[in-house]
Amino acid sequence: MSGPRRLVLPLVLALALIGAVGWGVMHRLRLPAITHADIDAALAASWSTAAPDWKARLKQDETQRDCTEARNAPDAGMSEAIKVRERKRIVYPPDGVLLGDWKRGEALAQSGYGGRFTDTNPAQANGGNCYACHQLAAAEISYGTLGPSLTGYGRARGASAEARRAVYDKIYDAQAVLACSSMPRFGASGFLTVEQIRDLVAYVMSPDSPVNSPAKP
Ligand code: HEC
């Protein structure tokens, strides 16, 4: 009977030792809190050989910083401040015409050209890449779903000047409409021109655009 009893103390001591060492290791391994500055530094380091115009993209503007700080859920005050700030950046065509050529707009909506390291032809215009996030023409079978479907958008919104302007504003600077939208600010960032944006408005809004033709039965 004394054999097993003699083992109790060493066993308890061994378990205590394992526990103490384990706790010590866990404590040493606990990661320090990661700050925004740490993430900025890691990003900058991983793009250290990038061209200056690429490096410039790592620097957040005020709106991007606000949305990062608020984790894309700004309170009402910040949301309004962002929208006011972004609205000021919207530039309209000098002739005031917001409806361009839907056929050119269609080509832009389908093109993802521009901004990638393989996009080196200065003669080729940047595209809007709208299909990466939206359904547009009903006949198109390949599209992303990050954004809502825009099929029939012009039919539903009508042909008023306000409705066209709302779409122009959305494409020019999505964050003037929804403060921390994940849709790119195509005009404000200089990625698309005023002319391209009005061609895209026509693609979304024109009654004769395939976006607004009734879906085939
Ligand atoms: C990276 C994804 C992304 C791309 C690319 C993108 N969008 Fe969006 N778009 C969104 C998201 C997400 C929303 C919904 C949230 C919001 O309103 O910002 C949206 C909303 C919209 C709306 C408003 C829809 C409504 O509910 O009234 C329009 C119009 C629109 N996009 C048009 C376009 C056009 C035209 C293009 C191409 C030039 C485009 N988008 C490219 C993500 C994108």
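Residues numbered from 1 in each chain as written. Predicted model: local features only at pLDDT ≥ 70, side-chain atom pairs only at ≥ 80, totals over all residues.

Asks: Would you mind going over the overall build of the protein in detail, with residue names and values included?
Replies: Scanning the protein from N- to C-terminus turns up 9 helices and 0 strands. Taken from the N to the C terminus, the helices and strands of the protein come in the order α-α-α-α-α-α-α-α-α. Against the globule reference of 17 Å for 217 residues, the protein gives a C-alpha radius of gyration of 27 Å, more extended than a compact globule. Principal-axis analysis of the C-alpha atoms places the extent of the protein at approximately 100 × 50 × 40 Å. For the protein, the residues scored as buried account for 26% of the 217 residues in total. (Helix = DSSP H or I, 4+ residues; strand = E, 2+ residues; numbered from the N terminus. Rg over C-alpha atoms; globule rule 2.2 N^0.38 Å. Buried ≥ 20, exposed ≤ 12 C-beta atoms within 10 Å, placed from the backbone.)

Asks: Break down the nonpolar core for me, with residues and values.
Replies: The biggest cluster of nonpolar side chains holds 24 residues, and the ones touching the most others in it are Tyr168, Ile171, Ile197, Leu200, Val201, Tyr203 and Val204. When contributions to this core are tallied by element, the ones reaching two or more residues are α6 (102-110), α8 (161-172) and α9 (194-205). Ignoring anything within four residues of it in the chain, the contact list for Ile197 reads Tyr168, Ile171, Tyr172, Phe186, Gly187 and Leu192. (Core = buried A, V, L, I, M, F, W, Y, C linked by C-beta atoms within 7 Å. Contact = placed C-beta atoms within 7 Å.)

Asks: An account of unusual backbone geometry is needed here, citing residue identities and associated values.
Replies: Despite not being glycine, Arg71 has its phi angle at roughly 50 degrees, a positive value. Locating Arg71 in the fold gives a position in the loop between α4 (62-69) and α5 (76-87). Even without a glycine there, the phi angle at Asn129 is positive, about 55 degrees. Summarising the element assignment, Asn129 is placed in the loop between α6 and α7 (153-157). Since 20 C-beta atoms lie within 10 Å of it, Asn129 is described here as buried.

Asks: Would you mind going over the site of the ligand in detail, with residue names and values included?
Replies: Around the ligand, the structure places 23 residues, and the nearest of them are Gly128, Cys130, Cys133, Gly147 and Ser181. Taken together, the elements giving at least two residues each to the shell around the ligand come down to α8 and α9. At 3 residues, the largest contribution of residues to the shell around the ligand is made by α8. Among the residues forming the shell around the ligand, the class breakdown is 16 nonpolar, 6 polar and 1 charged. (Near = placed C-beta within 6 Å. Nonpolar A, V, L, I, M, F, W, Y, C, P; charged D, E, K, R; others polar.)

Asks: Talk me through the environment of Ser46; I want residue IDs and the actual numbers.
Replies: The residue Ser46 is located in helix α2 (residues 36-46) in this model. Overall, the presence of 10 C-beta atoms within 10 Å leaves Ser46 in the exposed class. Measuring from C-alpha to C-alpha, the distance between Ser46 and Ala176 comes to 31 Å, with 130 residues separating the pair along the chain.

Asks: Tell me about the packing of α8 against α9, residues and numbers included.
Replies: Interaxial distance between α8 and α9 falls to 9 Å at its minimum, and their mutual angle equals 125 degrees. Classified by the angle between their axes, α8 and α9 sit oblique to one another. Judged by the sense of rotation from one axis to the other, the crossing of α8 with α9 is right-handed. On α9, the residues that touch Ala163, Arg164, Val167, Tyr168, Ile171 and Tyr172 of α8 are Ile197, Arg198, Leu200, Val201, Val204 and Met205. Of the residues assigned to the contact of α8 with α9, the class counts are 10 nonpolar, no polar and 2 charged. (Axes fitted to C-alpha atoms, helices over the stretch in contact; angles between N-to-C directions. Parallel < 35°, antiparallel > 145°, perpendicular 65-115°, else oblique. Left-handed = near helix turned anticlockwise from the far one by under 90°.)

Asks: Mind laying out the packing of α6 against α9, listing which residues take part and the relevant values?
Replies: When two helices pack together, their arrangement is given by the angle between the helix axes and the distance between those axes. Direction vectors running N to C along α6 and α9 enclose 100 degrees, while the axes themselves pass 7 Å from each other. It follows that α6 is roughly perpendicular to α9 by the angle criterion. Where α6 abuts α9, its residues Trp102, Arg104, Gly105, Glu106, Leu108 and Ala109 lie against Gln196, Asp199, Leu200, Ala202 and Tyr203. Of the residues belonging to the contact of α6 with α9, the class tally is 6 nonpolar, 2 polar and 3 charged.

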